[in-house]
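Structural features, examined
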Amino acid sequence: MLDTPKAARRTPVLPVGKGGIVSPLPPADRFVLRLKGFSGTAGGFDLSGALNTAHGMAERFAARLGPDEWLLVLPEGEGAAAQAALEADLVGRFFSLVAVGHRNVGIAVTGPHAADVLNAGIALDLSDAAFPQGSATRTLLGKADVVVVRLGSGFRVECWRSFAPYVSGFLTEVAQEFA
Amino acid sequence: MLLVPCPYCGPRPEVEFHCGGEAHIARPADPNALDDAQWAEYLFVRTSNKGVHAERWLHSHGCGRWFNALRNTVSDSFLASYEMGQPRPALPTEGGK
Ligand SMILES: [Zn+2]
């Protein structure tokens, strides 16, 4: 296994939300996995899904964002064990596993108007027919690059931490229309 | 909004993409063998046709992949998209163009 120096940590950029339509999620551990020609399970993550789908649960899932690219999200503190498990399962293959847990912020968008709120800034069709449960994709919300995942009761928006005040402000302002 | 067909993701909104200019421009195998005019031709000279045009596109706010597409520069309609490295497909709808 690689030596991983202790990472510098800054305070979360958004306080954890208390519910409502737009609610920032607690910190999480995340990895970007790049791997070619693989289909199956590694480190407890199901990597067999098609492009633009996510497999797992709301707090622990693998979202396939490109033909050879996955975003792995899991609860904070479980990253080290997952990294070891992934490295064990993928031994002998060429892959890149980068910890990006501190780079991203997760925001939950829930309720009957969740898709309407997101569509104020996202040009993709997010209806049940076009973006059903288990969908995930990178796209653009307003001016910010985001990942949208639909697992569990609503949508999860992942953006870089420097975009988080913009993204959460954008969504909170739109959500006032539906409050 | 214009929909761009990504060969990996399907039709997606135009704002997720960047256009990378004309496709199928091969880098000369031996640049040292070219004179300045020939090198400038490779670097700068592009077709600017009215009709079907082969272009490179990047799905930057999506799957992150480069691909090639045939677009009609008059109507802005996309006629085909295909993976990098594949030859330009023949189009029955080109209408003699
Ligand atoms: Zn794509």
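In this text the structure is predicted, and so the values were computed from the model without any measurement.

**A closer look at the overall build of chain A**
Per the secondary structure count, chain A includes three helices and twelve strands. For 179 residues, the compact-globule estimate of 2.2 N^0.38 gives 16 Å, and the C-alpha radius of gyration of chain A, at 16 Å, lies within 12% of that figure. Expressed as lengths along the three principal axes of its C-alpha atoms, the size of chain A is roughly 50 × 40 × 25 Å. With 179 residues in all, chain A has 49% of them scored as buried. By sequence separation, contacts in chain A at least 24 residues apart represent 62% of the contacts at least 6 residues apart. Here chain A contributes 16 positively and 17 negatively charged side chains, and the mean placements of these two sets differ by 5 Å.

**Concerning the interface of chain A and chain B**
Frequently, the measure chosen for interface size is the accessible area that the parts lose on association. Listed by partner, the interface residues are 16 residues for chain A and 13 residues for chain B. Around 1000 Å² of area is buried between chain A and chain B when both sides are counted, 56% of it from carbon and sulfur atoms. If you sort the residues of chain A by the area they bury against chain B, Pro67(A), Arg138(A) and Leu140(A) come out on top, with a joint share of 38%. Linking chain A with chain B are one salt bridge, by the criterion used here. With a shortest N-O distance of 2.8 Å, Arg65(B) and Asp68(A) are connected by a salt bridge. Counting the contacts that link chain A with chain B gives six residue pairs in polar contact (both at pLDDT 80 or more). Among the secondary structure elements, those contributing two or more residues to the side of chain A that touches chain B are β6 (61-66) and β10 (136-141) of chain A.

**Considerations on helix α1 (residues 79-89) of chain A**
Residue and element names in this part refer to chain A. Buried residues of α1: Gly 79, Ala 82, Gln 83, Leu 86 and Glu 87, and no others. On an axial view of α1, the arc spanned by its buried residues comes to 130°, and they lie on one face. Exposed and oriented more than 90 degrees from the buried face of α1 are Ala 80, Ala 81 and Ala 88. Taken together, the buried residues of α1 touch β2 (28-35), β3 (41-42), β4 (45-46), β7 (69-75) and β8 (95-99).

**Overview of the pairing of β10(A)**
Working note: regular strand, side chains alternate between the two faces of the sheet. Residues and elements named next belong to chain A. A large share of β10 lies buried, amounting to six of its six residues. Burial of β10 is two-sided: the residues Ala 136, Arg 138 and Leu 140 facing one way and the residues Thr 137, Thr 139 and Leu 141 facing the other way are all buried. What sits between β10 and strand β11 (residues 144-151) in their antiparallel hairpin is a turn of two residues, with Gly 142 showing a positive phi close to 60°.

**What to know about unusual backbone geometry**
All names here are of chain B. With phi around 65°, His 24 is a residue other than glycine that occupies positive phi space. Residues other than glycine seldom take positive phi values, yet Asp 76 does so here, at roughly 65°. On the secondary structure map, Asp 76 appears in the loop between β5 (66-72) and β6 (78-83).

**Quick word on the pattern of salt bridges**
Residues and elements named next belong to chain A. Tallied over the full model, the rule gives ten salt bridges over all chains. As a salt-bridge pair, Glu 158 and Arg 30 come within 2.6 Å of each other at their nearest N and O atoms. Taken as a pair, Glu 158 in strand β12 (residues 154-160) and Arg 30 in strand β2 lie far apart in primary sequence, 128 residues in all. The pair Glu 158 / Arg 30 is uniform in exposure class, with both members buried. Arg 150 serves as the salt-bridge partner of Asp 128, at 2.7 Å between the closest nitrogen and oxygen. With a gap of 22 residues between them, Asp 128 in the loop between α2 (114-119) and β10 and Arg 150 in strand β11 connect regions that are remote in the sequence. Overall, the relative accessible area of 55% leaves Asp 128 in the exposed class. Connected through shared salt-bridge partners, Arg 30, Arg 156 and Glu 158 make up one network.

**Examining the coordination of the zinc ion**
All names here are of chain B. For the zinc ion, the protein coordination sphere consists of Cys 6 (SG), Cys 9 (SG), His 59 (ND1) and Cys 63 (SG), at 2.0 to 2.4 Å. Positions of the donor residues of the zinc ion along the chain correspond to the pattern C-x2-C-x49-H-x3-C. Taken as a pair, Cys 9 in the loop between β1 (3-6) and β2 (10-13) and His 59 in the loop between β4 (52-58) and β5 lie far apart in primary sequence, 50 residues in all. As far as the burial class goes, Cys 9 and His 59 line up, both buried.

**Focus: the side chain of Asp145(A)**
Positionally, Asp145(A) belongs in strand β11. Here Asp145(A) sits buried without a salt bridge, and the closest side chain of opposite charge, Arg138(A), lies 4.1 Å off (N-O distance). Polar contacts involving the side chain of Asp145(A) include one to the side chain of His61(B), which spans 2.4 Å.

**Quick notes on the sheet that holds β6(A)**
All names here are of chain A. Spatial strand order, β5-β6-β7-β2-β8: five strands in an open sheet with antiparallel pairing. Each having just a single partner strand, β5 (54-56) and β8 make up the two edges of the open sheet. Across the sheet, the axes of successive neighbouring strands diverge by a mean angle of 20°, strand direction being ignored. Bridge count between β6 and β7: five bridges; the pairing is antiparallel. Within β7, the position partnered with Ala 62 by the bridge is Leu 72. Lying on the sheet, α1 is in contact with β2, β7 and β8; it crosses β7 at an angle near 140°.

Thresholds, definitions, all that
- Residues numbered from 1 in each chain as written.
- Chains lettered and ligands numbered in written order.
- Predicted model: local features only at pLDDT ≥ 70, side-chain atom pairs only at ≥ 80, totals over all residues.
- Heavy atoms only, no water.
- Helix = DSSP H or I, 4+ residues; strand = E, 2+ residues; numbered from the N terminus.
- Rg over C-alpha atoms; globule rule 2.2 N^0.38 Å.
- Buried < 20%, exposed > 50% of the residue type's maximum accessible area, 1.4 Å probe, protein only.
- Contact = heavy atoms within 4.5 Å.
- Lys, Arg positive; Asp, Glu negative; His and termini not counted.
- Charge placed at Lys NZ, Arg CZ, Asp CG, Glu CD.
- Buried area = accessible area lost by both parts, 1.4 Å probe.
- Salt bridge = Lys/Arg side-chain N within 4 Å of Asp/Glu carboxyl O.
- Polar contact = N/O pair within 3.5 Å; in protein donor to acceptor, adjacent residues only side chain to side chain.
- Arc of directions from axis to C-beta.
- Pairing = 2+ DSSP bridges.
- Donors = N, O, S within 2.8 Å, 3.2 Å for Na, K, Ca; no water.
- Axes fitted to C-alpha atoms, helices over the stretch in contact; angles between N-to-C directions.

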